[in-house]
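# Architecture at a glance
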Amino acid sequence: MASSERSGRLVRVIVLALMLLPIHTLPLLAAEQVAKPVVEKAEPQEKSVVKKLVGIASYYAKKFHGRATTSGERYHPEKMTAAHQSLPLGTKVLVRNLANDKEVTVVVNDRCRKKGFPFIDLSRAAARKLGFLGEGKARVAIIPLTEDES
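Residues numbered from 1 in each chain as written. Predicted model: local features only at pLDDT ≥ 70, side-chain atom pairs only at ≥ 80, totals over all residues. Heavy atoms only, no water.

### Some details on a nonpolar patch on the surface
Keep this limit in mind: Without a salt bridge and with relative accessible area above 30%, a residue can belong to a patch; like charges are then joined within 9 Å and nonpolar side chains (Val, Leu, Ile, Met, Phe, Trp, Tyr) within 5 Å. In these tables, accessible area is a Shrake-Rupley quantity obtained with a 1.4 Å probe, and a residue counts as shielded only by the protein chains included in the view. Salt bridges are counted wherever a side-chain nitrogen of Lys or Arg sits within 4 Å of a carboxyl oxygen of Asp or Glu. A run of DSSP states H or I qualifies as a helix once it reaches four residues; a run of E qualifies as a strand once it reaches two. Both are numbered from the N-terminal end.
A contiguous nonpolar patch, built from Val11, Val15, Leu16, Met19 and Leu20 and spanning about 470 Å² of accessible area, is present on the exposed surface. Within the secondary structure, Met19 sits in helix α1 (residues 4–24).

### Digging into the pairing of strand β4 (residues 92–97)
Note the cut-off: Each pair of strands is called paired provided DSSP finds at least two bridges between the two strands.
Relative to strand β5 (residues 103–110), β4 runs antiparallel, the two being bridged by five bridges. Bridging across to β5, Val93 finds its partner in Val106. Hairpin connection from β4 to β5: five residues lie between these consecutive antiparallel strands, with Asp101 at a positive phi of about 60°. In the sheet, β4 pairs with strand β7 (residues 137–144) via five bridges, with the strands oriented antiparallel. By the bridge assignment for β7, Val93 is matched with Pro144.

### Quick notes on the confidence of the model for the protein chain
Put simply, the rule is: Residue-level confidence of the predictor is summarised by pLDDT, bounded by 0 at the bottom and 100 at the top. Should any heavy atoms of two residues lie within 4.5 Å, those residues are considered in contact.
Averaged over the protein chain, the pLDDT score is 79; the fraction of residues at 70 or greater is 75%. Per-residue pLDDT stays below 50 along residues 39–50; that stretch engages in 18 contacts with residues further than four places along the chain or on separate chains.

Following this line, the structure appears as structure tokens:
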């Protein structure tokens, strides 16, 4: 058994380490904070007010052609489909490129990684119609459509 002097020293070292740990990890905690998503209300349409998310859109890489999506469908780059982290599968979404005001309607049939900001991953055909196929990413408005609006 350790002497009382050695065990007392060990306790002091552990207490000191526990006191310094929160101070040491503060820069890591600050780096993890991400900007809050911008949620706006769209202009009132005939019957409903739809939430509009402003976020980032990208498109699927060529290597995903023919692979199964979360819904079970095979990904085809010429279909108007998308992946989103939280919208229900089968939801129709209006995506508007904020740089050039081009719009496209896509169906969510896949999931993408969780991000701290609104994010949608589009098929290559949808990215082409929105005008950012060669650029990789674009700032977009993501507007889920109700059954009446689609």
